[in-house]
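# Notes for the structure review
Residue strings, one per chain:
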Amino acid sequence: MKKQYLLAPGPTPVPPRVLQAMSMPILHHRAPAYKAVFEEVRDGLKYLFQTKEEVLVFASSGTGAMEGTIANLFSPGDKVIAVNGGKFGERWGQIAAGYGLEVITIDVPWGTAVKPEDIADCLAREGNVRGVLTQASETSTGVMHPIKVIADIVKKYDQTILVVDAITGVGVFDLPMDAWGLDVVVTGSQKALMLPPGLAFAAVSQKAWGFNQQSTLPRYYFDFAKELKNAKKGQNAYTPAVSLIIGLREVLSMIKEETLEGVFARHARLASATRAGVQALGLELFAPDAPSNAVTAVKAPEGVDGQEVVKVLRDDYGVTIAGGQDHAKGKIFRLAHLGYVDDLDVLTGLAALEMALMDLGYELNERSGVRAAQMILKVKK
Ligand SMILES: *Cc1c(COP(=O)(O)O)cnc(C)c1O
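Residue indices follow the written sequence of each chain, beginning from 1 at its first position. In keeping with the predicted nature of the model, local features appear solely for residues at pLDDT of at least 70, side-chain atom pairs appear and are counted solely at 80 or more, and the whole-chain, interface and lining totals rest on all residues. Hydrogens and waters are ignored; side-chain quantities use all the structure's heavy atoms.

### Some thoughts on the packing of aromatic side chains
When the centres of two rings from Phe, Tyr and Trp lie within 6.5 Å, Trp using its six-membered ring, the rings pair. Their planes under 30 degrees apart give stacked, over 60 give edge-to-face, and anything left gives tilted. All chains considered together, the criterion is met by eight aromatic pairs. Taken together, the ring pairs connect Phe58, Tyr220, Tyr221, Phe222, Phe224 and Tyr238 into an aromatic cluster. Criterion for a charge above a ring: Arg CZ or Lys NZ at most 6 Å from the ring centre, at most 35 degrees from the ring normal. Over the ring of Phe211 we find Arg130; its NZ or CZ atom is 4.0 Å from the centre of that ring.

Right, dumping it as structure tokens:
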């Protein structure tokens with residue numbers, strides 16, 4: 001017998017009380033009982049996104065809300081800036097190009113954050129830019145981009161909106177949508193929201209709703225205006241993922257109980273313990289200057305293949321982490337610490353990592369990543 005541990009940046013573990021809530025018999029989505037659940041969910045989502053705007057909910061993976069954002073807010077030929085510092089930044093560019101937008105890419109070296117001044121320069125140089133598309137946390141590289149500073153730059157342009165893929169940001173670190181003036185914030189269910197895959201979310205500012213009125217791109221399922229109209233009546237345009245919505249109500253209660261501040265502090269603590277742990281093992285962080293609190297990307301040590309680390313952890317120890325993608329494949333591995341994760345999960349991950357590294361011939365000597373993390377996590381300082 002071997003227990004399985006999910007320490008990948010999505011899907012993430014689902015809390016028992018959420019699993020239990022989702023095992024409830026299916027409600028009919030036009031019945032009052034469902035409407036009551038959805039009303040509660042709508043309120044909870046506003047708390048989570050820190051907005052008074054409606055948070056739209058779709059039955060899809062997170063990418064659905066990314067695609068919906070492009071299809072609902074822009075028109076063919078619109079010029080947008082896409083911050084490309086990893087696989088998900090690349091995805092913004094691909095979706096926008098797929099819908100016939102003119103994409104100006106800001107290439108950011110993997111493992112580093114975008115420089116806000118590069119966005120400011122690009123906006124000034126290009127002129128007539130309709131949107132800036134970025135990640136809050138680039139999951140593929142473990143980087144956090146400086147969203148508040150970027151928002152302050154984009155805010156100066158009446159005709160430009162800031163679109164943030166916060167799929168590993170919402171519920172991980174502070175991203176107050178209204179206070180910072182973020183125009184679109186997108187997330188998905190299977191990351192910090194502690195749910196199975198299958199829900200995507202998009203919160204839209206008043207400025208961005210104005211863009212929606214001018215947009216001429218075709219859309220059908222992901223029709224934001226139609227979904228907004230239905231949400232205001234406590235409804236969804238089409239059959240919602242009822243069980244996931246019921247699970248979401250439970251998740252939102254858990255987040256309210258912990259408070260947003262508590263949730264952010266927990267992620268910060270787990271992230272710093274993970275970083276301290278891997279550094280104590282003599283390993284290097286892939287994104288030392290702007291690490292995300294959602295996931296820690298670690299350089300595989302000399303002579304050790306990062307993919308092998310992932311494989312040994314999964315096959316021999318039952319611990320699922322993530323490897324690197326594209327040119328980072330084999331060079332890094334990624335330990336996630338978002339969602340339903342606590343102190344002992346981080347220690348388990350580090351302990352298993354130490355064993356896997358020893359199995360792969362990496363000389364640990366007296367080093368202990370677990371001990372370094374314990375020093376951060378132990379209750380008495
Ligand atoms: C996971 C993730 C996505 C994609 O989400 P899917 O649910 O797989 O469609 C997009 N952006 C970021 C930053 C992610 O972490």
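### Observations concerning the site of the ligand
The ligand sits among 13 residues. The nearest are Ser61, Thr63, Thr139, Asp165 and Lys191. Measuring from an oxygen atom of the ligand, one finds a side-chain N or O atom of Thr63 at 2.4 Å. Polar contact criterion, stated in full: a pair of N or O atoms within 3.5 Å, where within protein one must be able to donate a hydrogen and the other to accept it, and residues adjacent in sequence count only if both atoms are side-chain atoms. Contacts to the ligand include Lys191, whose side-chain N or O atom sits 2.7 Å from an oxygen atom. All accessibility values rest on the Shrake-Rupley procedure with a 1.4 Å probe; residue burial counts only the protein chains present in the view. When isolated, the ligand has an accessible area of 380 Å², and the protein chains bury 89% of it. Helix and strand definitions here come from DSSP, where helices need a minimum of 4 consecutive H or I residues and strands a minimum of 2 consecutive E residues; each element is numbered from the N-terminal end. Elements with a contribution of two residues or more to the shell around the ligand: α3 (62-73) and α4 (87-98). With three residues, the top contributor of residues to the shell around the ligand is α3. Charged residues are taken to be Asp, Glu, Lys and Arg, nonpolar residues to be Ala, Val, Leu, Ile, Met, Phe, Trp, Tyr, Cys and Pro, and polar residues to be all remaining types, Gly included. Partitioned by chemical class, the residues of the shell around the ligand number three nonpolar, seven polar and three charged. If a single non-hydrogen atom of a residue is within 4 Å of a molecule or strand, that residue counts as near it.

### Overview of unusual backbone geometry
Cis geometry marks the peptide bond from Gly10 to Pro11, where omega comes out at -10 degrees. Mapped onto the fold, Pro11 is located in the loop between β1 (5-6) and α1 (16-22). Notably, Gln50 is not glycine yet its phi reads approximately 55 degrees, a positive angle. Residue position: Gln50 is located in the loop between α2 (32-49) and β2 (55-59). Each residue is assigned to one of three classes by its accessible area relative to the maximum for its type, calculated with a 1.4 Å probe on protein chains only: buried under 20%, partly exposed between the two thresholds, exposed over 50%. With a relative accessible area of 25%, Gln50 lands in the partly exposed category. In this structure, Asn128 takes a positive phi of about 60 degrees despite not being glycine. Structurally, Asn128 can be placed in the loop between α5 (116-126) and β5 (129-135).

### Here's the deal with the domain arrangement of the chain
Partitioning the chain into domains gives domain 1 (5-10 + 260-377) and domain 2 (16-257). Reported domain spans reflect what an automatic or database domain assignment gives. For domain 1 and domain 2, the distance between their C-alpha centres works out to 28 Å. Buried area adds together the accessible area that both of two parts lose upon being put together, with accessible area traced by a 1.4 Å probe. Taken together, the two surfaces of domain 1 and domain 2 that pack against each other cover about 2200 Å², and 66% of this comes from carbon and sulfur. Should a side-chain nitrogen of Lys or Arg be within 4 Å of a carboxyl oxygen of Asp or Glu, the pair is scored as a salt bridge. Here domain 1 is connected to domain 2 by one salt bridge. At the boundary of domain 1 and domain 2, one finds six residue pairs in polar contact (both at pLDDT 80 or more).

### Here we look at the side chain of Asp343
Tracing the chain through its elements places Asp343 in helix α13 (residues 343-359). A distance of 2.6 Å separates the side chain of Asp343 from the side chain of Arg269, its partner in a polar contact. If sequence neighbours within four positions are ignored, Asp343 has contacts with Arg269, Leu270 and Leu377. Should any heavy atoms of two residues lie within 4.5 Å, those residues are considered in contact.

### Considering the environment of Asn72
Here Asn72 shows up in helix α3. Overall, the relative accessible area of 0% leaves Asn72 in the buried class. When residues no more than four places from it in sequence are discounted, the contact partners of Asn72 are Phe211, Asn212, Ser215, Arg219, Phe222, Asp223, Phe224 and Ala225. Among the polar contacts made by the side chain of Asn72, one reaches the main-chain carbonyl oxygen of Gly68 at a distance of 2.8 Å.

### Section: the pattern of salt bridges
Summed over all chains, the structure comprises 18 salt bridges. Across the salt bridge formed by Glu54 and Lys46, the nearest N and O atoms sit 3.6 Å from each other. Relative accessible area serves as the criterion here: at 7%, Glu54 is assigned to the buried category. Between Asp152 and Lys155 there is a salt bridge whose closest N-O contact spans 3.0 Å. The class of Lys155 is partly exposed, set by a relative accessible area of 43%. The structure contains a network of salt bridges with shared partners spanning Glu39, Arg42, Lys46 and Glu54.

### Points about the sheet that holds strand β13 (residues 322-323)
Here, any two strands with at least 2 DSSP bridges between them count as paired. Pairing within the open sheet is antiparallel, and its three strands lie in the order β11-β14-β13. With partners counted over all chains shown, the strands left at the sheet margins are β11 (295-299) and β13, one partner each. The pairing of β11 with strand β14 (residues 332-336) spans five bridges and is antiparallel. Following the sheet pairing, Thr296 is matched in β14 by Leu335. In this fold helix α11 (residues 260-280) packs onto β11 and β14, with an angle of close to 10 degrees to the strand it touches most, β11. The angle between two axes is taken between their N-to-C directions and runs from 0 to 180 degrees, where each axis is a line fitted to C-alpha atoms and a helix contributes only its stretch in contact.

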